[in-house]
Amino acid sequence: MIVNKPLVRKHTHEVIVGWNGHEVKVGGGNPVVVQSMTNTDTADALNTALQVKALYLAGSEVVRITVNNEEAAKAVPYIREQLDKMRIPVPLVGDFHYNGHLLLQKFPDCARSLSKYRINPGNVGSARSRDDNYASMIEMAIQHDKPVRIGVNWGSLDQSLLARMMDENAQLADPLPPEQLMYQALIESALSSAYKAIELGLPENKILLSCKVSQVQDLIAVYRELSKRSPFPLHLGLTEAGMGSKGIVASTAALAVLLQEGIGDTIRISLTPEPNGDRTKEVIVAQEILQSMGLRAFTPQVIACPGCGRTTSTVFQELAQQIQNYLRDQMPVWKNQFSGVEEMKVAVMGCVVNGPGESKHADIGISLPGTGEAPSAPVFLDGKRVTTLKGERIAEEFQAIVQRYVEQRYVK
Ligand code: SF4
């Protein structure tokens, strides 16, 4: 018997990010949270606020901004204020490296305006100052009652920890191979930093972890082990995933394996945008991964065939794209008006071979005529053929049918 078993999530603590009425719950069995990061200069508060707004409207539930210098730290409260004026209640995470301890202390309004701090234990100062600087950041988190993500990255792993582990490894009768040592060092850095934060007084339900690497198999191996050893919610992401389809495919390959094993409480897709490219793409990819895996539903899905020699016109591709854009554009309004509309499936098919069959399985479907077929497009609602569209206005008429269907079927 073929059994499609429901996915069982690994248990982790619940961490609340945000403020009263606008909390985002991460871990503890809550739905996997989508997050993203800006690439504006944070000191440019207005442009950063506008990009945060765009990411939020695209579906990012938490947005991270870099806080890399005093100008950026001064801009953070203003960014928060702008977002509040625009009614964008998204929690902001401050990404700190090297000088976070100084910035958080010197700019308390920045520390207060952020909803979470990301601390990279490999980048908190020299060997001599590291412990003090780290402790100072944790103390700021305690003072301002903020959660932290202890975010370890292979590119900035704590070098003194790695050196110590290499020395110890060299003394072993059966030393670990280099890649195993790398995995262990990443995990050791994240976990030891988390337990140090607890010793310093940060409650354990204020801690999330990540251990990012840039290779798919490495990421899977590291997170499998980290998940076994960590009660903290895990932030998943393939770091430096790359550009275009390579970045999307590599991120999906890595995250899908881990999510399928119940590992991961929040995800970020790190795509290198094209120059002047749309930053919101990383949010859409994150949503599509979760929705394709049946973990969450964000927007109605369009099922479209790839097309082949049976459909030589571009009408079908254009209609599929148009319907997909239309559904996504409607969602900000629809999600407040129509209950469950994000689960809807719309089939747009290219010919009679699979068109009627796939259309019947969807909530709404249209089977366009392939080459040599009669110029008519049967439309199916809930598996039944209800009408046939013809002529130049098929796209507009089909869109109107979709709108009517949503109003009747998903009304709250
Ligand atoms: Fe080709 Fe028709 Fe199949 Fe689409 S449904 S891929 S047009 S055979």
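Residues numbered from 1 in each chain as written. Predicted model: local features only at pLDDT ≥ 70, side-chain atom pairs only at ≥ 80, totals over all residues. Heavy atoms only, no water.

## Digging into the environment of Thr66
Note the following rule: Strands here mean DSSP runs of E at least two residues long; helices mean DSSP runs of H or I at least four residues long; both are numbered from the N terminus. Two residues qualify as a contact provided that any one of their heavy atoms is within 4.5 Å of a heavy atom in the partner residue.
When you line up the elements, Thr66 lands in strand 4 (residues 62-66). C-alpha separation for the pair Thr66 and Asn39, spaced 27 residues apart in sequence, amounts to 8.2 Å. Non-local contacts of Thr66, meaning those with residues more than four positions away in its chain, are made with Met37, Thr42, Ala72 and Asp95.

## Looking at the site of the ligand
For the record, the criterion: When we say a residue is near a molecule or strand, we mean one of its heavy atoms is within 4 Å of it. Three categories are distinguished: nonpolar for Ala, Val, Leu, Ile, Met, Phe, Trp, Tyr, Cys and Pro, charged for Asp, Glu, Lys and Arg, and polar for the others, with Gly belonging to the last.
Surrounding the ligand, one finds Cys305, Pro306, Gly307, Cys308, Arg310, Thr311, Gly350, Cys351, Val353 and Asn354. Classifying every residue of the shell around the ligand gives 5 nonpolar, 4 polar and 1 charged.

## Considerations on the sheet that holds strand 16 (residues 377-381)
Applied cut-off: Strand pairing is assigned whenever DSSP identifies at least 2 bridges connecting the two strands. Only the contacting stretch of a helix is used when fitting its axis, a line to C-alpha atoms as for every element, and angles between N-to-C directions run 0 to 180 degrees.
Here we have 5 strands laid out as an open sheet, ordered 13-14-15-16-17, and mixed in their pairing. Because the sheet does not close on itself, it has two edges, and the strands there are strand 13 (301-304) and strand 17 (384-389). Strand-to-strand twist across the sheet, computed as the mean angle between neighbouring axes with direction ignored, equals 20°. Along the sheet, helix 11 (residues 315-337) contacts strand 13, strand 14 (345-349) and strand 15 (364-367); its crossing angle with strand 14, the most-contacted strand, is approximately 165°.

## Remarks on the packing of aromatic side chains
What counts is decided by this rule: Planes of paired rings set the category: under 30 degrees apart is stacked, over 60 is edge-to-face and the rest tilted, where pairs are Phe, Tyr or Trp rings (Trp by its six-membered ring) whose centres lie within 6.5 Å. Partly exposed describes any residue whose relative accessible area lies between the buried limit of under 20% and the exposed limit of over 50%, with all areas from a 1.4 Å probe on protein chains only and scaled to the type maximum.
Tallied over the full model, the rule gives 5 aromatic pairs. Seen from their ring centres, Phe96 and Tyr117 are 6.0 Å apart, and the 90° between their planes marks the pair as edge-to-face. Of this pair, Phe96 sits in strand 5 (residues 92-96) while Tyr117 sits in strand 6 (residues 116-119), and the two are 21 residues apart along the sequence. Residue Phe96 shares its accessibility class with Tyr117, and that shared class is buried. Geometrically, the ring pair formed by Tyr326 and Trp334 is edge-to-face, given 5.9 Å between the ring centres and 90° between the ring planes. For Tyr326, a relative accessible area of 12% corresponds to the buried category.

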